[in-house]
Amino acid sequence: MNILGISAHYHDSAAALVIDGVPVCAVQEERLSRHKGDAAFPLLAIESCLQHAGIEPDELDAVVFYERPMLKFDRILTCGLRAFPQSWRAFPKAMKNSLGEKVWMRGIISSHLGMSGRKVLFTEHHQSHAAAAFLTAPTSRAAIMTVDAVGEWTTLSVGDGERVANGPTTIKRFRDIRFPHSLGMLYSTFTAYLGFKVNEDEYKVMGLAAYGQPTQVEHVRKLIRHTPDGAFALDLNYFEFHTTAQRSYSSRFVELFGPPRNPYEPIDLDTADGQRFADCAASVQQVLEDTLVGLAQALHQETGLPDLCLGGGVALNGVANARILAESGFERVFVPPAPGDAGCAIGAALYCDRIWFGNPDHDLPDHPFWGPSVDGSELARVAREDGHLVGECHDGALINQIADDLAADHIVGWMEGALEFGPRALGHRSILAAPHTIEMRDRLNREIKYREPFRPFAPVVPFEVAERYFDIPSGGARLARFMSGVFPVRREWRSRLQAITHVDGTARVQVLEPAMAPRLHALLEAYGQRTGIPVLLNTSFNLAGEPIVNREVEGYSTFLRCGIDVLVAGETRVMKRKAAMTKTPVNTYLNKEAV
Ligand SMILES: [Fe+2]
């Protein structure tokens, strides 16, 4: 049975193809259109999935859209009418927007794909999140919690799921919290207030939080009231997101927290305003964590299950995830590589397969690599024509060469196999570098990522030695598989892991098992043999404002436009002419005897 899942028209559109119960391809539209956060109907992603499987649209048994457009329309209409007359300016625009192509998805999909509208199905938004979280996790029974800004009406749901090997699957929702009461909207409101982009820059708020003190917690708690049944409600006097698209916070919010940050001015933590913004970030982060931990604790008591599957965009908050693992009572917490709306494409297709069609359960591959693959030979041809140093060699020799490059402080653009699905580079489209010095962090920021200095870089470490360098609790390695948890760097290693240690001593570490990305794992070992520390800085392979690279030509173009010294795709290594001439000696500041 061939089932295509689609998410679109909010942010980060995607398509995923499930054949006989197993995903075969999933990709975000932005990676193909090269338009960051592309929310358009994902024609390129759909084409990529169909091409990958070698099937035509008429061979699809179903196409599943990740939410119910009419229910969403109902929410927009109801909120618009309820907020009248304040909403009079925004209301016509919202109606026009919704009544455009968004409501008529059945017709849009069937006409784009040239297939019968009867084959077009719809899941609820949080059903898609729940399915993406539970059905891709290696657990047969788990509690499920989904948390985002909003889908149709639901903003948070709790429930459980059960899979029986080769048998039926159930996903139950116990209850939900509905718009406008939303943890995601609370966090996004602070994202906007702090001058960042809503739905995109929430992780910057998390990064900034480490520089602040939660001095404003009591103020944030005025915004969110906890109800006797363990849920919460926002005090809507402080918000405007439910009445207008122009601004998400009200003048009362500004009276409480002070003037918002001008997005065009950098945050200077040495000024009173800069510190105030960091304190606001720390305060909303703490309230978010406390609320999630409380909800997870209650869900653990209610279900008595050891496993929790977390879905929705809020599950990208690695600091909160680590606290849920530590404090909720769950022994294992699973977060998929794409917990946000893009991941709903896989969730919708799997939900349809298991629940609606009642197809038997399958264990799914436990990795994030569902996109198009790179071809190193094409890169070698183009780079040779441009006069760069090109080498092509088999695995062992290549890995050794790249380990030498990294140990000589060269920055490496690393492309390997199939593209990751989800926002994080997990070893197939990564920029890798030595993680030891502040100078390397600053060089990456200056020459490649051009981003705010308060944002930390992430490390990757082999599973076998992760606990030596990082304070990873029981169950933490699972959370760190897809970089979904933030854990302390061990104190004794912080001075030698400066580029990846955040100001509060933590890191959003990826713990890599050899089977998931064998070549990167081998590279970590080879690097460890040279420097004594098998840890690398791993940041996504893209420039600021651009999506993660997909094809080798995009990696090559990025390589040419920034300070990356060496580019690898498959078995091809390209060294920039300038980098070849300024090759520095292998790191000597690392005391191998000490490790
Ligand atoms: Fe969502």
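Small disclaimer: the values here were computed from a predicted structure and weren't measured.

(A) Highlighting the overall build of the chain. Within the chain, the regular secondary structure consists of 21 helices and 24 strands. Here the chain has a C-alpha radius of gyration of 24 Å; the compact-globule value for 595 residues is 25 Å, and the two agree. Taken along the three principal axes of its C-alpha coordinates, the chain extends 65 × 60 × 45 Å. Burial analysis of the chain (595 residues in total) assigns 59% to the buried set. Within the chain, contacts between residues at least 6 apart in sequence are counted, and of these 72% link residues at least 24 apart. Looking at the chain as shown, the accessible area adds up to about 22800 Å², and 52% of this sits on carbon and sulfur atoms. With 60 positive and 71 negative side-chain charges, the chain shows a separation of 3 Å between the mean positions of the two kinds.

(B) Quick look at the coordination of the iron ion. On the protein side, the iron ion has His125 (NE2), His129 (NE2), Asp148 (OD) and Asp341 (OD) as donor atoms, found 2.1 to 2.2 Å from it. Each of the four donor atoms bound to the iron ion contributes to angles spanning 90 to 170 degrees, and the resulting shape is irregular. Here the donor residues of the iron ion share one chain and are spaced in sequence as H-x3-H-x18-D-x192-D. One end of the pair, His125, and the other, His129, are both in helix H6 (residues 125-134), four residues apart, so they sit about a helical turn from each other. Accessibility expressed as a relative area gives 1% for His129, which makes it buried.

(C) Expanded view of the pattern of salt bridges. Per the stated rule, a full pass over the model turns up 36 salt bridges. In this structure, the salt-bridge partner of Glu554 is Arg34, at a minimum N-O distance of 3.8 Å. Of this pair, Glu554 sits in helix H20 (residues 552-561) while Arg34 sits in the loop between helix H1 (29-33) and helix H2 (43-53), and the two are 520 residues apart along the sequence. For Glu554, a relative accessible area of 10% puts it in the buried group. Of the residues examined, Arg34 reaches a relative accessible area of 27% and is grouped as partly exposed. Across the salt bridge formed by Arg354 and Asp361, the nearest N and O atoms sit 4.0 Å from each other. Under the relative-accessibility criterion, Asp361 is labelled buried at 5%. Through salt bridges with shared partners, one network takes in Glu218, Arg221, Glu289, Asp290, Arg323 and Glu327.

(D) Summary view of the side chain of Glu202. Residue placement: Glu202 occurs in helix H8 (residues 202-209). Despite its burial, Glu202 remains without a salt bridge, the nearest opposite charge being carried by Lys204 at 9.7 Å. Here the side chain of Glu202 touches Ser188 through a polar contact of 3.1 Å, side chain to side chain. Here the side chain of Glu202 touches Glu200 through a polar contact of 3.1 Å, landing on its backbone nitrogen. For Glu202, the contacting residues outside a window of four places in its chain are Tyr187, Ser188, Thr191 and Lys197.

(E) Spotlight on the packing of aromatic side chains. Tallied over the entire structure, the rule returns 17 aromatic pairs. Between the aromatic rings of Phe65 and Tyr66, the centroid separation amounts to 5.2 Å while the plane-to-plane angle is 80 degrees, which identifies the pairing as edge-to-face. A single burial state applies to Phe65 and to Tyr66, both of which are buried. Ring centres of Phe190 and Phe257 lie 5.2 Å apart, and the angle between their planes is 80 degrees; on these two criteria the pair is classed as edge-to-face. Of this pair, Phe190 sits in helix H7 (residues 183-193) while Phe257 sits in helix H10 (residues 251-257); the two residues are 67 residues apart in sequence, bridging distant segments of the chain.

(F) Structural view of the sheet that holds strand S5 (residues 120-122). Taken in spatial order, the five strands line up as S3-S2-S1-S4-S5 in an open sheet, and their pairing is mixed. Single-partner strands in this sheet number two, and they are strand S3 (22-28) and S5. Sheet twist, expressed as the average angle between the axes of neighbouring strands with direction ignored, equals 20 degrees. Where strand S1 (residues 2-7) and strand S2 (residues 14-19) come together, six bridges link them in antiparallel fashion. Residue Leu4 lies in a different strand from S2, and its bridge partner there is Leu17. Along the sheet, helix H5 (residues 105-113) makes contact with S1, strand S4 (62-65) and S5, crossing S5 at roughly 145 degrees.

(G) Region of the structure containing the packing of helix H11 (residues 272-303) against helix H12 (residues 318-327). Between H11 and H12, whose axes approach to 9 Å, the crossing angle comes to 35 degrees. Here H11 runs over H12; the crossing is right-handed. Contacts between H11 and H12 pair Gln285, Gln286, Leu288, Glu289, Asp290, Leu292, Val293, Ala296 and Gln297 from the former with Val319, Ala320, Arg323, Ile324 and Glu327 from the latter. Here the contact of H11 with H12 is built from residues that sort into seven nonpolar, three polar and four charged.

(H) The arrangement of unusual backbone geometry in detail. Following Phe179, the chain continues to Pro180 via a peptide bond in cis, the omega torsion being 10 degrees. Within the secondary structure, Pro180 is located in the loop between strand S8 (169-178) and H7. Residues other than glycine seldom take positive phi values, yet Arg34 does so here, at roughly 65 degrees. Of note, Asn166 is a non-glycine position whose phi angle comes to about 55 degrees, a positive value. Positionally, Asn166 belongs in the loop between strand S7 (154-163) and S8.

(I) Representation of the pairing of S8. Across nine bridges, S7 lies against S8 in antiparallel orientation. Residue pairing across strands places Thr154 opposite Arg178, the latter belonging to S8. The antiparallel hairpin formed by S7 and S8 contains five residues in its connecting segment, where Asn166 sits at a positive phi of about 55 degrees.

(J) Fine view of the pairing of S2. Of all six residues making up S2, five are buried, and the element is well covered by its neighbours. From the end of S1 to the start of S2, which pair antiparallel, there are six residues, and His9 there has a positive phi angle of about 75 degrees. As judged from the six bridges shared by S2 and S3, these two strands associate in the antiparallel manner. Paired with Val18 across the strands is Pro23, a residue of S3. The turn linking S2 back onto S3 is made up of two residues, and Asp20 within it adopts a positive phi angle of 50 degrees.

(K) Spatial organisation of the domain arrangement of the chain. Considered domain by domain, the chain is made up of domain 1 (2-66 + 68-122 + 341-361), domain 2 (183-333) and domain 3 (371-581). Using C-alpha coordinates to define each centre, domain 1 is positioned 33 Å away from domain 3. Contacts between the two partners involve 14 residues from domain 1 and, on the opposite side, 14 residues from domain 3. Of the roughly 1100 Å² buried between domain 1 and domain 3, counting both surfaces, carbon and sulfur atoms make up 60%. The three residues of domain 1 that bury the most area against domain 3 are Arg31, Arg34 and Lys36, which together make up 55% of that side's buried surface.

Each value, and the rule that gives it
- Residues numbered from 1 in each chain as written.
- Predicted model: local features only at pLDDT ≥ 70, side-chain atom pairs only at ≥ 80, totals over all residues.
- Heavy atoms only, no water.
- Helix = DSSP H or I, 4+ residues; strand = E, 2+ residues; numbered from the N terminus.
- Rg over C-alpha atoms; globule rule 2.2 N^0.38 Å.
- Buried < 20%, exposed > 50% of the residue type's maximum accessible area, 1.4 Å probe, protein only.
- Contact = heavy atoms within 4.5 Å.
- Areas by Shrake-Rupley, 256 points an atom, 1.4 Å probe, with all protein chains shown as cover.
- Lys, Arg positive; Asp, Glu negative; His and termini not counted.
- Charge placed at Lys NZ, Arg CZ, Asp CG, Glu CD.
- Donors = N, O, S within 2.8 Å, 3.2 Å for Na, K, Ca; no water.
- Tetrahedral: all angles 85-135°; square planar, octahedral: opposite > 155°, others 65-115°.
- Salt bridge = Lys/Arg side-chain N within 4 Å of Asp/Glu carboxyl O.
- Polar contact = N/O pair within 3.5 Å; in protein donor to acceptor, adjacent residues only side chain to side chain.
- Phe/Tyr/Trp six-rings, centres within 6.5 Å; stacked < 30°, edge-to-face > 60°.
- Pairing = 2+ DSSP bridges.
- Axes fitted to C-alpha atoms, helices over the stretch in contact; angles between N-to-C directions.
- Left-handed = near helix turned anticlockwise from the far one by under 90°.
- Nonpolar A, V, L, I, M, F, W, Y, C, P; charged D, E, K, R; others polar.
- Domains from an automatic or database assignment.
- Buried area = accessible area lost by both parts, 1.4 Å probe.

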